[in-house]
Amino acid sequence: MTGVQTCALPIWLNNYNNRPKAIYRYDTYGFTVGGPVFIPGKWNVNKDKLFFFASEERKNQKLGASLNLKTVPTAAERTGDFSNAITNSNQKLYIRDPLTNLPCAATTGVGGGCFPGNVIPANRLSADGRALLNAMPLPNFSGDPTYNYTSEVPYNQPELIGTYKFDYNINDKWHSWVRYTRDYYTLDNPYGISSSFPTLGTNETTRHAMGLALAITTVLTPTLTNEAVLGGSQNLIPQQPLNTTYTRSQLGLTYQNLFPTGETGDLGPIVSFGGSYISNSPGMGNGIPYYADNTNFSFTDNVAKVYARHTIKVGVSIERDRKDQTSGNPVGTISFGQDNNNPIDSNYSFSNALLGNYDTYSQVDKQRFGRYYFTNAEWYAEDTWKVSPKLT
């Protein structure tokens, strides 16, 4: 029963808030065609030399995202006014002034170190902190202390898959084929710049995967055959921001990264919020642009020999892989999480950001581009022995 209630929650919330149902669309269409290749009366007249096969499949997918529940700062809180701030258990929340060096109990205000009126003075506000809070959308839901913002935006993922193959009978003893495969897709994720909000832009992932294989089979003698297959494949997976407003220049951020040589592009930092008094905490930013290139080459050869009551097979396989990939976070990561062990903590994640008091900060000192190589070689030998007509 619990599982049923959990699965039905997004539907119930949509109905309760008069929100339309999530969109799910799966449109798939394509074709396959094959047959002999010939020139009537001139070449391959018997239609037994060259054959082709082609297949194309197009998938248009529009997938609804899961219902996203988050807590965002109110319009008043973005100006430093926390007079109406409450905890996730619906208690009044008091903001501590770190400059007093005095305690301020978060739910009672006891200790003498709270901001008067629960308002941070304007001259204490961090311009960068305000810019980061203002990047988040305003609340669109009320009535629950654990969240005040909901969203459910679908994303598109068109995909194109193709296979093309030619088989050629060279003569009675030699046969060959060549095959090309392709799998392209584009994923435009509206939650790619922020997993919390669909309002900051899109993370576009464009994958180009392709493969080519060539095989030759020969009958050396009536009892001896050989098959060799040579193949290669490549899988390109770049990710980049698309139509985003979450950039350092548009946000007007003025702080300097610890390692300027580690910066890539203009995308804003990865920012997280959290703590004991906030549920469904939001986050912004993504470690993009990102690039990966997986390239593979392989060769296999199999020999089969029939000798008396034995069928002997011997084979070898050699594979060479290479992966080129960016590594490290190019934009930096800032946490404004509430932390009682932080002497400049103000009891609340959003007020920490307004004061410019981060809990942790991390960034790579420079961008690195990894190149990873892998080589694998294997062989096998087997014997199928027919001991008797009833035993093999």
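In this report, we go over the structure that sits alongside the text. (Residues numbered from 1 in each chain as written. Predicted model: local features only at pLDDT ≥ 70, side-chain atom pairs only at ≥ 80, totals over all residues. Heavy atoms only, no water.)

Examining the pattern of salt bridges
Link 1 in the chain: In the structure shown here, the tally under the stated rule is 8 salt bridges.
Link 2 in the chain: For Arg124, the salt bridge is made with Asp97, and the minimal N-O distance between the two is 2.8 Å. Here the residue Arg124 occupies a position in the loop between strand E3 (68–70) and helix H2 (127–134), and Asp97 occupies one in the loop between E3 and H2, the gap between them amounting to 27 residues.
Link 3 in the chain: Judged by its relative accessible area of 10%, Asp97 is buried.
Link 4 in the chain: The closest approach of N and O atoms between Asp183 and Arg207, which form a salt bridge, is 2.5 Å. Here Arg207 lies in strand E7 (residues 202–221) and Asp183 lies in strand E6 (residues 174–189), a separation of 24 residues in the sequence. Both residues of the pair, Asp183 and Arg207, count as buried. (Salt bridge = Lys/Arg side-chain N within 4 Å of Asp/Glu carboxyl O. Helix = DSSP H or I, 4+ residues; strand = E, 2+ residues; numbered from the N terminus. Buried < 20%, exposed > 50% of the residue type's maximum accessible area, 1.4 Å probe, protein only.)

Overview of the packing of aromatic side chains
Link 1 in the chain: Under the definition given, this model contains 9 aromatic pairs.
Link 2 in the chain: Centre to centre, the rings of Phe141 and Tyr147 are 4.8 Å apart; their planes meet at 15°, and the pair counts as stacked.
Link 3 in the chain: Arranged with centres 5.9 Å apart and planes meeting at 25°, the rings of Phe273 and Phe336 form a pair that is stacked. Remark: Phe336 occurs in the loop between strand E14 (333–335) and helix H4 (349–355) and Phe273 occurs in the loop between strand E10 (270–272) and strand E11 (283–284); sequence separation between them is 63 residues. Taken as a pair, Phe273 and Phe336 share a single burial class, namely buried. (Phe/Tyr/Trp six-rings, centres within 6.5 Å; stacked < 30°, edge-to-face > 60°.)

As for the environment of Leu258
Link 1 in the chain: Secondary-structure assignment places Leu258 in the loop between helix H3 (248–251) and E10.
Link 2 in the chain: What makes Leu258 exposed here is its relative accessible area of 59%.
Link 3 in the chain: Counting along the chain gives 103 residues from Leu258 to Tyr361, while the straight-line C-alpha distance between them is 9.2 Å.
Link 4 in the chain: When near neighbours in sequence (up to four residues on either side) are disregarded, Leu258 contacts Tyr361 and Gln363. (Contact = heavy atoms within 4.5 Å.)

Describing the pairing of E6
Link 1 in the chain: Note: strand E5 (residues 155–169) against E6, 12 bridges, orientation antiparallel. Following the sheet pairing, Ile161 is matched in E6 by Asp183.
Link 2 in the chain: Count of turn residues in the E5/E6 antiparallel hairpin: 4 residues.
Link 3 in the chain: Where E6 lies against E7, 16 bridges are found, and the strand directions are antiparallel. (Pairing = 2+ DSSP bridges.)

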